[in-house]
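A look at the structure
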Amino acid sequence: MKYRQRIEGTDMTIAARLSQYLNDQSVDYRLIQHPHSHTSRESAHAAQVREDRVAKAVLLRDDEGYVMAVIPASSSLDMRAVHDETGRNGLQMVAESELGPLFPDCELGALPPLGQAYGITTLLDSGLSRCETIYFEAGDHEELVAMDGPQFTQLFMGSHIADLSKDWP
């Protein structure tokens, strides 16, 4: 069962754990509705925002547990950079079918890029730390969270911030 929080007076929802985390951190944000999408890149286009301003979550796993890498939707994950940053050479991408138990309040494949809200070690691509505004999945395929870039970066204090992505070929 998916647990969603309805935003009063609107038809918009946000994943309950994500909403609680953002509220606990006293972060200002707004939700942007868009037509249904399947990927972060599609969400950017549907919401008419730049792909490099949309933070995409990529979940990885090895014998030590999970790691989330957060990169721009306009880029692909550089696994060598993740291995160099973490010292964990066995990290592999997690299949979408395995995400349900880890993100029970989210639609499959609509991961918010705040693994720390879910108890997951999270790495942030340094390119996102320079954005004025950041957009990311609200836990479904029809809303994006929009927030101030410096506030978004502040949520990653204590996390690794490094060059983790490369441009699409």
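Residues numbered from 1 in each chain as written. Predicted model: local features only at pLDDT ≥ 70, side-chain atom pairs only at ≥ 80, totals over all residues. Heavy atoms only, no water.

**A look at the pairing of strand β5 (residues 65-72)**
The cut-off we apply is this: Residue burial is assigned from relative accessible area. The probe radius is 1.4 Å, only protein chains are included, and a residue is buried under 20% of its type maximum, exposed over 50%, and partly exposed in between. Helix and strand assignments come from DSSP, with helices taken as H or I runs of at least 4 residues and strands as E runs of at least 2, each series counted from the N terminus. Between any two strands, pairing holds if DSSP finds at least two bridges.
Burial analysis of β5 places seven of its eight residues in the buried class, the great majority of the element. As judged from the eight bridges shared by strand β4 (residues 54-62) and β5, these two strands associate in the antiparallel manner. Bridged to V58 within β5 is A69. Here β4 folds back onto β5 in antiparallel fashion, the turn holding two residues. Direction of pairing for β5 relative to strand β8 (residues 121-125): parallel, over a ladder of four bridges. Each residue of the ladder has a partner; that of V67, found in β8, is T121.

**So, the side chain of S126**
To be explicit about the condition: Only heavy atoms enter the contact rule, under which two residues are in contact if any of them lie within 4.5 Å.
Checked against the element boundaries, S126 lands in the loop between β8 and β9 (133-137). Residues contacting S126, with those up to four places away along its chain left out, are I161, A162 and D163.

**Structural notes on the pattern of salt bridges**
As a reminder, the rule being used: Salt bridges are defined by distance alone: a side-chain nitrogen of Lys or Arg within 4 Å of a carboxyl oxygen of Asp or Glu.
A complete count under the given rule lists six salt bridges for this structure. Here R53 ties to D52 by a salt bridge, and the two come within 3.1 Å at their closest N and O atoms. Taken together, the salt bridges that share partners define one network made up of R50, D52 and R53.

**Re the pairing of strand β10 (residues 143-148)**
Across the six residues that make up β10, a large majority, five, are buried. Note that strand β3 (residues 30-33) and β10 share four bridges and pair antiparallel. Looking at the pairing, L31 lines up with V145 of β10. Joining the antiparallel neighbours β9 and β10 is a turn of five residues, in which G139 adopts a positive phi near 110°.

**Notes on the confidence of the model for the protein chain**
Fine structural detail should not be taken from predicted coordinates in areas where pLDDT scores are low. Inclusion rule: pLDDT: the predictor's confidence for each residue, scored from 0 to 100.
With 92% of its residues at a pLDDT of 70 or more, the protein chain has an overall mean of 90. Counting contacts from residues 1-11, a segment whose pLDDT is below 50, to residues more than four positions away or on other chains yields 31 contacts.

**Notes on the nonpolar core**
The tendency in soluble globular proteins is for nonpolar side chains to be buried as a group. Filter applied, for reference: The nonpolar core is taken to be a set of buried Ala, Val, Leu, Ile, Met, Phe, Trp, Tyr and Cys residues, with the residues joined through side-chain atoms within 4.5 Å.
Counting residues in each nonpolar core, the largest one holds 32 residues, and the members touching the most others are L18, F103, L114, F136 and F152. Elements supplying a minimum of two residues to this core: β2 (13-15), α1 (16-24), β4, β5, β9 and β10. Ignoring any residue separated from it by four or fewer positions in sequence, one finds L114 in contact with L18, Y21, L22, M68, F136, F152, L155 and F156. Counting eleven residues, the second largest nonpolar core, distinct from the first, contains V58, V67, V82 and L123.

**Considerations on helix α3 (residues 79-86)**
Just so we agree on the cut-off: N or O atoms within 3.5 Å of each other form a polar contact, as long as, within protein, one can give a hydrogen and the other can take it, and as long as residues adjacent in sequence are counted only when both atoms are side-chain atoms.
Every buried residue of α3 is accounted for by A81, V82 and H83. Among the structural elements, β4, β6 (75-77) and β8 are those in contact with the buried residues of α3. The N-cap of α3, judged by a side-chain oxygen 3.2 Å from the amide nitrogen of R80 a few residues on, is D78. Directly beyond the C-terminal end of α3, a positive phi value near 75° is found at G87.

**So, helix α2 (residues 40-47)**
Here is the rule we go by: In this description, the arc belongs to the directions extending from the helix axis to the C-beta atoms.
For α2, the complete set of buried residues consists of S40, S43, A44 and A47. The buried residues of α2 occupy one face: seen down the axis, they fall within an arc of 100°. Against β3, β4, β9 and β10 lie the buried residues of α2. After α2 finishes, the residue Q48 shows a positive phi value of roughly 60°.

**A few points about the side chain of D62**
Structurally, D62 can be placed in strand β4. Among the polar contacts made by the side chain of D62, one reaches the main-chain amide nitrogen of E64 at a distance of 2.8 Å. Leave out the neighbours within four places in its chain, and D62 touches R88, G90 and L91.

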